[in-house]
Amino acid sequence: MNALVDTPRPSLLRKAAVIVLLAGLGGAFGYGAATLTDGVLTRWEDELAVVMSAAMLGIGLITAFIVARRPADVPRGCGVLQVVVMLLAAAMFLLPVFGPVWATPEVVFGAVLLLVAVQSGANLMLWRTADEMLRRVMLETSALAFWAVQLGLFIYAAAERLGLVGTITGWGLIGILMGVYFIASIVAAARRGLH
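Note that the structure is predicted; figures quoted are calculated from it, not measured.

### Observations concerning the overall build of the protein
When its secondary structure is counted, the protein shows seven helices and zero strands. Starting at the N terminus and ending at the C terminus, the protein contains elements arranged as α-α-α-α-α-α-α. Residue burial in the protein is summarised as follows: out of 195 residues, 24% are buried. Of the roughly 13,400 Å² of accessible surface on the protein, 72% is carried by carbon and sulfur atoms.

### Looking at the side chain of Q119
With respect to the secondary-structure elements, Q119 resides in helix α5 (residues 105–129). Residue class for Q119 comes out buried when judged on its relative accessible area of 11%. A distance of 3.3 Å separates a polar atom in the side chain of Q119 from the backbone oxygen of V85. Contacts of Q119, omitting those with residues within four sequence positions, involve V85, L88, A89 and M92.

### Considerations on the nonpolar core
Residues L41, A49, V50, M52, M56, A89, A90, F93, V97, F98 and F182 constitute the largest nonpolar core, which totals eleven residues. With five residues, the top contributor of residues to this core is helix α4 (residues 79–98). Not counting chain neighbours up to four residues away, the residues in contact with M52 comprise G175, M178, G179 and F182. Grouped together as the second largest cluster of nonpolar side chains are eight residues, C78, L81, V85 and A130 included.

### Regarding the environment of L61
Along the polypeptide, L61 turns up in helix α3 (residues 44–69). For L61, a relative accessible area of 52% translates into the label exposed. For the pair L61 and V83, spaced 22 residues apart in sequence, the C-alpha separation works out to 7.2 Å.

### Remarks on the side chain of S53
Within the secondary structure, S53 sits in helix α3. Looking at S53, the relative accessible area reads 1%, which means it is buried. With near-sequence residues (within four places) excluded, S53 lies in contact with A90, F93 and L94.

Criteria and thresholds
- Residues numbered from 1 in each chain as written.
- Predicted model: local features only at pLDDT ≥ 70, side-chain atom pairs only at ≥ 80, totals over all residues.
- Heavy atoms only, no water.
- Helix = DSSP H or I, 4+ residues; strand = E, 2+ residues; numbered from the N terminus.
- Buried < 20%, exposed > 50% of the residue type's maximum accessible area, 1.4 Å probe, protein only.
- Areas by Shrake-Rupley, 256 points an atom, 1.4 Å probe, with all protein chains shown as cover.
- Polar contact = N/O pair within 3.5 Å; in protein donor to acceptor, adjacent residues only side chain to side chain.
- Contact = heavy atoms within 4.5 Å.
- Core = buried A, V, L, I, M, F, W, Y, C linked by side-chain atoms within 4.5 Å.

What follows is the structure, encoded as structure tokens:
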């Protein structure tokens, strides 16, 4: 018999319940984050960094939950590395915003450099252990993000050169880049059926 025919499909009610649960968790997390950061974030670049960090934290925690709930006979694959990469990226975005509250800028920058090195190593390990489909998603994500950011950056740079728009800081640009990359990864994963 065909294994696809025998596999039970989740009901529409169950899918809706999962969506409502995730939306509720997102709302609660967003409300908590907004309450904790009220008055702390004074620049849009910092707000964007916190939003990106929250998104990466959320995806990392959901992925960790899924990996932990897999049956013992199902290989873990690259799930643990994906969680590590996401959580380190989230920390890298939060440290420059909130780190100076507890430490000097030099110490915070040193911590950021350390996290960049560890996360880069984890990304390389992820690439080496990934299967062909995950590598394809990673490549498509990079290509989509590069194309979108290159196009947007050229238009912005031309407008800035003509004095039509103000200058954006490097911190703002990296937040925009990560937002585009995040959306590109969702598009690439959805195209390949990784959802």
